[in-house]
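# Geometric and topological summary
Now for the letters of each chain:
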Amino acid sequence: MAKVITVFGASGNQGGSVARALAQDSQFKVRAVTRNPTNENIKNLCGYGNVEVIRADANDRKSIEAALQGAYGTFVVTAADFNDRNSVKKETDQGMTIAKACKDHPTLKHIIFSTQLSPREVLGQEARQCDAKTEIDRNMRKMNLPMTAVEIPCNYERLFEDLRPDQVDVDHFRLYIPMGQVPMDFISREDVGEVVRRIFTQTEKFVHKTLAISGDKLTVKRMAEEMTSCLYGKQVFDRQMTYAEFRDLPIHGARDLANHFDFCARVDQRFNVSATKEVFPYVRTFSDWCREKQNILQRICS
């Protein structure tokens, strides 16, 4: 009988990736949790025969309990709201609502939580998208939940979104990730889902453990070179932007992102490509991903 996995945030990037990976495995039945069942990502999930869509809100304990009813496992990801001055408290409260509901469901054998290290606790610099997750992670451990914490680095796909190359002229583009010469960990968004799926198939091995996953570790300069190699007549280079300059960019949550980049550059990270390959040997390197997404890269650099 297929194991029911409740996936929170199924309409988002991480949750959607996890839901799709699980939906392609007959061992599982996916319960996709969303506040908005009409979301386009949710509609696409409905094309799989083993996906059930559940409307629930992380602020509503009863709806969370209904989503968890009879589930073997759950993937939990929480989201920062950079428009809310109380973002950290709001996200922490939502995570704890889910955690407390998990505690009350004896059928639940495996919780996978998308966690982060907190720059505020280490450097005193606020990065709200990380700080709340650290607090939720800590409290889940205190509750002795059957949890695997998965720490996820920046996704390659951010290069299509808020970190997309900035055009200088018709043939030249620049990356403005403020890491200098320090290598940074990245992973493909789709590979996150596959790693999580494989962890769910090995509950006894991974429960009560933390896995910091990574597909590649490279400098921004090297990223620019890999992108250039996939483009026709275009060149991408590293802008060598400072943290102060990045904080002033018109990007949603720019200050928090700049502080996180600073944290990644100054503090040794525990992401591990080799350990990730032990779980999923086919995790994409950045070069792999660039070749796979060559047409999209060509389009955004034109």
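For the structure itself, consult the block above.
Conventions and cut-offs
- Residues numbered from 1 in each chain as written.
- Predicted model: local features only at pLDDT ≥ 70, side-chain atom pairs only at ≥ 80, totals over all residues.
- Heavy atoms only, no water.
- Helix = DSSP H or I, 4+ residues; strand = E, 2+ residues; numbered from the N terminus.
- Expected span 1.5 Å × (residues − 1).
- Buried < 20%, exposed > 50% of the residue type's maximum accessible area, 1.4 Å probe, protein only.
- Contact = heavy atoms within 4.5 Å.
- Polar contact = N/O pair within 3.5 Å; in protein donor to acceptor, adjacent residues only side chain to side chain.
- Core = buried A, V, L, I, M, F, W, Y, C linked by side-chain atoms within 4.5 Å.
- 1 Å grid on protein atoms, 1.4 Å probe; cavity = no way out; pocket = protein on both sides within 12 Å on 5 of 7 lines; lining within 4 Å.
- Points joined across faces, edges and corners; volume = space filled by probe spheres on them.
- Salt bridge = Lys/Arg side-chain N within 4 Å of Asp/Glu carboxyl O.
- Axes fitted to C-alpha atoms, helices over the stretch in contact; angles between N-to-C directions.
- Parallel < 35°, antiparallel > 145°, perpendicular 65-115°, else oblique.
- Left-handed = near helix turned anticlockwise from the far one by under 90°.
- Nonpolar A, V, L, I, M, F, W, Y, C, P; charged D, E, K, R; others polar.

Structurally, the α-helix is built with 3.6 residues per turn, so residues lying three or four positions apart point the same way. Its 13 residues place the ends of helix α11 (residues 254–266) 18 Å apart at the C-alpha level, agreeing with the 18 Å of an ideal helix rising 1.5 Å per residue. The element α11 is largely enclosed, with a buried count of 10 among its 13 residues. Inspection of α11 places Ala-254, Asp-256, Leu-257, Ala-258, Asn-259, His-260, Phe-261, Asp-262, Phe-263 and Cys-264 among the buried residues, and these make up the whole buried set. Against α5 (119–123), α6 (128–142), β10 (184–187) and α10 (243–247) lie the buried residues of α11.

Residue placement: Asp-162 occurs in the loop between β7 (154–155) and β8 (166–169). Those residues within four positions of Asp-162 in sequence are excluded, and the remaining contacts are Tyr-176, Ile-251 and Leu-257. Looking at Asp-162, its side chain comes within polar contact range of the side chain of Arg-158, at 2.8 Å.

This part takes up the nonpolar core. If you look at the biggest cluster of nonpolar residues, it comprises 34 residues, and the most contacted ones within it are Leu-159, Ile-177, Phe-246 and Phe-286. Breaking this core down by element, the ones donating at least two residues are β9 (172–175), β10, α9 (220–229), α11, α13 (286–292) and α14 (294–300). Element by element, the count of residues in this core is highest for α11, at five residues. Residues contacting Phe-286, with those up to four places away along its chain left out, are Tyr-156, Leu-159, Asp-216, Leu-218, Met-223, Glu-226 and Met-227. The next biggest cluster of nonpolar side chains, apart from the first, holds 31 residues, and it includes Val-18, Leu-45, Val-77 and Val-196.

Reported here for the largest pocket is a volume of approximately 1,500 Å³. The wall of the largest pocket is formed by 45 residues, among which Val-77, Thr-78, Ala-79, Ala-80 and Lys-133 lie closest to the centre. The dominant element in the lining of the largest pocket, judged by the number of residues it contributes, is helix α4 (residues 87–103), at four residues. Of the pockets and cavities examined, the second largest pocket occupies roughly 190 Å³. If you go around the second largest pocket, the residues you meet are Gly-12, Asn-13, Gly-16, Ser-17, Arg-20, Asn-41, Glu-157, Phe-160, Glu-161, Arg-189, Glu-190 and Lys-293. Broken down by secondary-structure element, the contributors of at least two residues to the lining of the second largest pocket are α1 (13–23) and α7 (189–200).

Attention shifts here to the pattern of salt bridges. Taken as a whole, this structure holds 30 salt bridges when the rule is applied. Arg-291 is paired through a salt bridge with Asp-288; the nearest N and O atoms lie 2.9 Å apart. Of this pair, Arg-291 and Asp-288 both sit in helix α13, three residues apart, roughly one helical turn. One salt-bridge network, in which partners are shared between bridges, spans Asp-25, Glu-194, Arg-197 and Arg-198.

It is worth spelling out the side chain of Glu-91 at this point. By the element assignment, Glu-91 lies in helix α4. The class for Glu-91 is buried, based on a relative accessible area of 0%. Excluding anything up to four places from it in sequence, Glu-91 contacts Thr-78, Ala-79, Ala-80, Arg-128, Gln-129, Ala-132, Lys-133 and Ile-136.

Running from N to C, α4 and α6 cross one another at 30 degrees; their axes reach a closest spacing of 9 Å. With respect to α6, the axis of α4 lies roughly parallel. Like other packed secondary-structure pairs, α4 and α6 cross with a definite hand, here right-handed. Counting all contacts with α4, which are made through Ser-87, Val-88, Glu-91, Thr-92, Gly-95, Met-96 and Ala-99, the residues of α6 involved are Arg-128, Gln-129, Asp-131, Ala-132, Lys-133, Glu-135, Ile-136, Asn-139 and Met-140. Taken together, the residues of the contact of α4 with α6 sort by class into six nonpolar, five polar and five charged.

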